[in-house]
Amino acid sequence: MKTVTRLIYLPALVLLVIMMIACAAPPVKDDGSTTTKVVPSWPAPPAAPRIQWVREICQPEQICRRQGFWQRFKEILAGRSRTGMVKPYGLYVDSRKRLFIIDPGSGVIHFLDQVNGSYRVIPGPKSSTVFQSPIDMTGDGQGQFFITDSKAGLVYRYRLEDDKLQQFTGSPLMRPTGIAWHPKNSLLYVAETGRHQVVVFDLQGIERLRFGRHGDGPGQFNCPTAVCVDHRGQVLVVDALNARVQVFTPEGQFVSSFGKPGDTSGTFAKPKGIAVDSEGNIYVCDALFDAVQIFSASGRLLLAFGESGSEPGQFWMPAGIAIDAEDVIYVADSYNQRVQVFRYFAGEAPK
């Protein structure tokens, strides 16, 4: 960044030449030969890849606007500022590949339309609502989105078409975090971390059900933090401080659980986000392992990907995760201030 800042003061023609050379020249090794880009994949070669790194998103408005060289050049000359991510946490991607990045570090949600290349920040400049600590988000498939704010103790409703954000729940909850929409019963499941429960609301914001209480037995929670719904309609809850995932019926009846505290594969140290792919495999981010672990629907460990670091495929406190209909995986790499994108190759499950 210091180099770019100094170059801004050079004559435009000189700057143009320098930038064009920089963009055209291939990376080279110390011996002068060109480098070969290795795309991270899991499991390691020679095994066939099941997970492969695709790209990273650090400056969402820059990536998704798909600007050409001249547009980027004009913005640099104009000194136009860019809004980066401070601490991305929750993620949501809808059926139209529109990606929402919940950023409690900056108190906003970055909205990226990956099809038409548009970008905006939620809440917009005309909104009277300001998030205190947004955590997670879900959508009902009909243009309505629901956002948890743990510090405010509220769930908000947002409509993309008119950029309207309003309070959805009435009485404050105690640290609402994870949220998931259930397409079969049209209900919202919210992890109320401070009360060690899951609260269920209808589309009018009326509470319909609560399940769970503080404890470590079946159906009990110690700080639940993330929720998702699998293809069978079961509700999966990350029971963070009990280091496990619990599975429930839509009515809140306990079905099963998997995971335990530990520092080896198949156990959890600090489980965060959860998502399910097209084959029903369950993905759980672990912020202390700096990895994502993949389990079968029955809770058997299949594969893990990621390690500590800041290179492609490495993490520093991964938090939220979302998977779209084409098995593209988005992981909020919180302390690296980016979202990393991967792809799952569906087929026979990894052995």
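See the structure printed just above.
Residues numbered from 1 in each chain as written. Predicted model: local features only at pLDDT ≥ 70, side-chain atom pairs only at ≥ 80, totals over all residues. Heavy atoms only, no water.

**Here's the deal with the layout of surface pockets**
Rules: In this analysis the probe radius is 1.4 Å and the grid spacing 1 Å, with only protein atoms considered; a cavity is a set of points the probe fits into but cannot get out of, a pocket is an open set with protein on both sides within 12 Å along at least five of seven lines, and lining residues have an atom within 4 Å of a point. Grid points are joined across faces, edges and corners, and a volume is the space filled by probe spheres set on the points. Secondary structure elements follow DSSP: runs of H or I of four or more residues count as helices, runs of E of two or more count as strands, with numbering from the N terminus. Residues are grouped as follows: nonpolar covers Ala, Val, Leu, Ile, Met, Phe, Trp, Tyr, Cys and Pro; charged covers Asp, Glu, Lys and Arg; every other residue, Gly included, is treated as polar.
Taken as a whole, the largest pocket encloses approximately 950 Å³ of empty space. In terms of lining, the largest pocket is formed by 45 residues, of which the most central are Tyr92, Val93, Thr138, Val229 and Ile323. Elements represented by at least two residues in the lining of the largest pocket include exactly strand 3 (91-93), strand 7 (134-139), strand 11 (176-182), strand 15 (224-229), strand 19 (271-276) and strand 25 (318-323). If you tally residues by element for the lining of the largest pocket, the top one is strand 11, at six residues. For the lining of the largest pocket, the residue count by class is 22 nonpolar, 14 polar and nine charged.

**Concerning the sheet that holds strand 5 (residues 108-113)**
The test is simple: At least two bridges found by DSSP between two strands is the condition for calling them paired. For helices, the fitted axis covers only the stretch in contact; all axes are lines through C-alpha atoms, and the angles between them, taken along N-to-C directions, range from 0 to 180 degrees.
Read from one edge of the open sheet, four strands run 3-4-5-6, paired in antiparallel fashion. Looking at which strands have only one partner, the edges of the open sheet turn out to be strand 3 and strand 6 (119-122). Going across the sheet, the axis of each strand differs from the next one's by a mean of 15°, ignoring polarity. Two strands pair when backbone bridges link them, and strand 3 and strand 4 (residues 98-103) are joined in this way by three bridges, in the antiparallel orientation.

**Here's the deal with the packing of aromatic side chains**
We count it as follows: Stacked, tilted and edge-to-face are the three classes applied to pairs of Phe, Tyr and Trp rings, where Trp contributes its six-membered ring and a pair requires centres within 6.5 Å; stacked means planes under 30 degrees apart, edge-to-face means over 60, and tilted covers the rest. Exposure is judged per residue with a 1.4 Å probe applied to protein chains only, and the accessible area is read against the type maximum: over 50% gives exposed, under 20% gives buried, and values in between give partly exposed.
Across all of its chains, the model carries 18 aromatic pairs by this definition. Seen from their ring centres, Phe258 and Phe295 are 4.8 Å apart, and the 45° between their planes marks the pair as tilted. Here Phe258, found in strand 18 (residues 254-258), pairs with Phe295, found in strand 21 (residues 291-295); they are 37 residues apart in sequence, far enough to count as distant. The class for Phe258 is buried, based on a relative accessible area of 7%. Overall, the relative accessible area of 1% leaves Phe295 in the buried class. Each residue in the set Trp42, Phe305, Phe315 and Phe342 is aromatic and connected to the rest through ring pairs, giving one cluster.

**A closer look at the nonpolar core**
Stated precisely, the cut-off is as follows: We define a nonpolar core as any set of buried Ala, Val, Leu, Ile, Met, Phe, Trp, Tyr and Cys residues linked to one another through side-chain atoms lying within 4.5 Å. Throughout, a contact is declared for two residues whenever any of their heavy atoms are within 4.5 Å.
One finds Ile51, Tyr283, Phe305, Ile329 and Phe342 to be the most contacted residues of the largest nonpolar core, which totals 18 residues. Counting residues per element, the ones that place at least two in this core are strand 2 (51-57), strand 20 (282-286), strand 21, strand 22 (301-305), strand 25, strand 26 (328-333) and strand 27 (338-344). A total of three residues in this core trace back to one element, the largest contributor, which is strand 22. Contacts of Ile51, omitting those with residues within four sequence positions, involve Pro40, Ser41, Trp42, Tyr283, Ile294, Leu303, Phe305, Ile329, Phe342, Arg343, Tyr344 and Phe345. Counting residues in hydrophobic clusters, the runner-up holds 16 residues, among them Phe131, Ile147, Ala152 and Leu165.

**So, the pairing of strand 26**
With six of its six residues buried, strand 26 lies for the most part within the structure. What you see with strand 26 is no split at all: Val328, Tyr330 and Ala332 on one side and Ile329, Val331 and Asp333 on the other are buried throughout. Bridging between strand 25 and strand 26 involves four bridges; their strand directions are antiparallel. Looking at the pairing, Ile323 lines up with Ile329 of strand 26. Hairpin connection from strand 25 to strand 26: four residues lie between these consecutive antiparallel strands, with Asp327 at a positive phi of about 65°.

**Observations regarding the pairing of strand 19**
Of all six residues in strand 19, six are buried, a share of seventy percent or more. Of the pairings in the sheet, the one linking strand 19 to strand 20 comprises four bridges and is antiparallel in character. Looking at the pairing, Val276 lines up with Ile282 of strand 20. From the end of strand 19 to the start of strand 20, which pair antiparallel, there are five residues, and Gly280 there has a positive phi angle of about 85°.

**Looking at the environment of Ile274**
Among the secondary structure elements, Ile274 is positioned in strand 19. Judged by its relative accessible area of 6%, Ile274 is buried. Ignoring sequence-local partners within four residues, the contact set of Ile274 consists of Ala226, Val227, Cys228, Leu236, Val238, Val245, Ile282, Tyr283, Val284 and Ile321.

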